[in-house]
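# Structure assessment
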Amino acid sequence: EDIPVITIDGPTASGKGTLADVAAHALGYVVLDSGSLYRACALAADREDIDLNDANAVAAIGANLNLSFKRGRVWLDEDDITDALRLEATGLMASQVAAHPAVRAALNQLQLNFRRLPGLVADGRDMGTAVFPDAALKVFLTASAATRAERRHKQLISKGISANIESLRQDLENRDARDKNRAASPLHPALDARMLDNSLQTIEESVELLLNWWAETR
Ligand code: C5P
């Protein structure tokens with residue numbers, strides 16, 4: 001396809017979402033937060049009391065997800081799930097269902113549908129390796145576990161949610177381990193990905209670097 005794609009993959013809380021949003025805004029591109037689809041699928045399955053280890057049952061839920069994105073909020077059927085989506089517990093459930101190949105297959109088409117003109121910035125774990133292997137620019141975004149735990153901590157505090165930084169770090173390292181070690185589309189940089197460690201960078205610096213790389217590919 002001729003519709004340009006930029007992929008941003010990397011571990012939990014590395015800043016992918018923010019980088020994707022700001023870059024997409026600067027370019028006037030569509031943005032895909034693929035993690036939110038895995039999160040929504042896990043929430044939907046959990047609500048129906050489906051065992052998250054039951055790959056086929058969760059995949060059936062994933063194939064029939066009735067999601068809508070309105071005014072910065074996300075709706076599942078009649079429910080506003082925006083806040084529930086962001087919970088740490090939801091992230092953990094998402095990484096559980098994301099390990100099933102059948103669930104990944106069910107969510108694949110949904111993700112491809114986001115590829116629309118004038119272009120797409122997609123963030124996740126396997127955007128450059130599996131979903132958009134022909135992306136013109138692939139970024140693998142990392143940051144130290146300490147930095148990521150600190151950022152997540154600040155994010156939660158700013159929302160009035162109290163959190164323990166040590167347990168946050170433990171949770172994100174557990175989730176990363178599961179994402180890296182699974183057989184289906186594990187988290188790893190694409191061979192042609194550009195590595196970006198943003199531990200010591202401001203978001204403005206990361207965006208500038210990404211936009212420079214993008215200009216080089218044009
Ligand atoms: O990025 P986010 O934290 O929202 O993702 C939640 C979980 O969904 C991840 O830990 C990962 O297991 C899964 N995921 C995935 N592939 C993606 C995006 C997210 O497996 N492209």
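Named according to an unreviewed UniProt entry, the protein chain is Multifunctional fusion protein originating from Roseateles koreensis.

A word on helix α1 (residues 16–27). Taking 1.5 Å per residue, twelve residues should reach 16 Å; α1 reaches 16 Å between its end C-alpha atoms and fits that length. Looking at α1, one finds that the buried residues are Lys16, Leu19, Ala20, Ala23 and Ala24. Projected down its long axis, α1 carries its buried residues within an arc of 120 degrees, all on one side. Looking at the buried residues of α1, the elements they touch are β1 (5–9), β2 (30–33), β6 (120–124), β7 (137–142) and α10 (203–217). Remark: glycine 28 follows α1 within two positions and exhibits a positive phi of approximately 70 degrees.

This next bit is on the environment of threonine 12. Topologically, threonine 12 is positioned in the loop between β1 and α1. For threonine 12, a count of 23 C-beta atoms within 10 Å corresponds to the buried category. The spacing of threonine 12 and lysine 154 is 142 residues in sequence and 15 Å in space, taken between C-alpha atoms. Excluding its chain neighbours within four sequence positions, the residues that come into contact with threonine 12 are Arg148, Leu172, Arg175 and Asp176.

Residue leucine 117 is joined to proline 118 through a cis peptide bond whose omega torsion reads 5 degrees. At serine 185, a residue that is not glycine, the phi angle is positive and equals roughly 45 degrees. By the element assignment, serine 185 lies in the loop between α9 (165–181) and β8 (194–197).

Another point: the environment of alanine 183. Here alanine 183 is to be found in the loop between α9 and β8. Judged by local crowding, alanine 183 falls into the exposed class, with 7 C-beta atoms found within 10 Å. The spacing of alanine 183 and isoleucine 61 is 122 residues in sequence and 21 Å in space, taken between C-alpha atoms.

So, on to the site of the ligand. Taken together, the neighbourhood of the ligand is formed by 15 residues, with Gly35, Tyr38, Ser95, Ala98 and Gly124 sitting nearest. Within the residue set of the shell around the ligand, elements represented by two or more residues are α2 (34–47), α5 (88–97) and α9. Of all the elements, α2 adds the most residues to the shell around the ligand, at four residues. Here the residues of the shell around the ligand sort into four nonpolar, six polar and five charged.

Take the nonpolar core next. Counting 23 residues, the largest nonpolar core has Ile6, Ile8, Ala23, Val121, Ala122 and Val139 as its most contacted members. For this core, the secondary structure elements donating two or more residues are β1, α1, β6, α7 (127–131) and β7. Excluding residues within four positions of it along the chain, valine 139 makes contact with Thr7, Ile8, Ala193, Arg194, Leu196 and Leu210. Among the nonpolar cores identified, the runner-up in size contains 21 residues, and Ile61, Val74, Met93 and Ala106 belong to it.

In this section: the sheet that holds strand β4 (residues 73–76). Read across the open sheet, the three strands follow the order β3-β4-β5; overall the sheet is antiparallel. Of all strands in the sheet, those with a lone pairing partner are β3 (67–70) and β5 (79–80), marking the two edges. Sheet analysis places β4 next to β5, joined by two bridges and oriented antiparallel. The residue bridging tryptophan 75 from the neighbouring strand is aspartate 80, located in β5. Relative to the sheet, α2 contacts β3 and β4, its axis offset from that of β4 by approximately 35 degrees.

Two elements in contact, α1 and α10, have axes separated by 10 Å at closest approach and are oriented at 55 degrees. One way to sum up the angle between α1 and α10 is to call them oblique. Considering how the two elements wind past one another, α1 and α10 form a crossing that is right-handed. The residues of α10 that touch α1, namely those facing Thr18, Leu19, Val22, Ala23 and Ala26, are Ile203, Ser206, Val207, Leu210 and Leu211. Looking at side-chain class alone, the contact of α1 with α10 contains eight nonpolar, two polar and no charged residues.

So, about the sheet that holds β6. If you walk across this open sheet you meet the five strands as β2-β6-β1-β7-β8, and the pairing is parallel. Each having just a single partner strand, β2 and β8 make up the two edges of the open sheet. Ignoring strand direction, the axes of neighbouring strands in this sheet form an average angle of 20 degrees. Two strands pair when backbone bridges link them, and β2 and β6 are joined in this way by four bridges, in the parallel orientation. The partner of valine 31 across the bridge, within β6, is valine 121.

Calculation notes
- Residues numbered from 1 in each chain as written.
- Predicted model: local features only at pLDDT ≥ 70, side-chain atom pairs only at ≥ 80, totals over all residues.
- Helix = DSSP H or I, 4+ residues; strand = E, 2+ residues; numbered from the N terminus.
- Expected span 1.5 Å × (residues − 1).
- Buried ≥ 20, exposed ≤ 12 C-beta atoms within 10 Å, placed from the backbone.
- Arc of directions from axis to C-beta.
- Contact = placed C-beta atoms within 7 Å.
- Near = placed C-beta within 6 Å.
- Nonpolar A, V, L, I, M, F, W, Y, C, P; charged D, E, K, R; others polar.
- Core = buried A, V, L, I, M, F, W, Y, C linked by C-beta atoms within 7 Å.
- Pairing = 2+ DSSP bridges.
- Axes fitted to C-alpha atoms, helices over the stretch in contact; angles between N-to-C directions.
- Parallel < 35°, antiparallel > 145°, perpendicular 65-115°, else oblique.
- Left-handed = near helix turned anticlockwise from the far one by under 90°.

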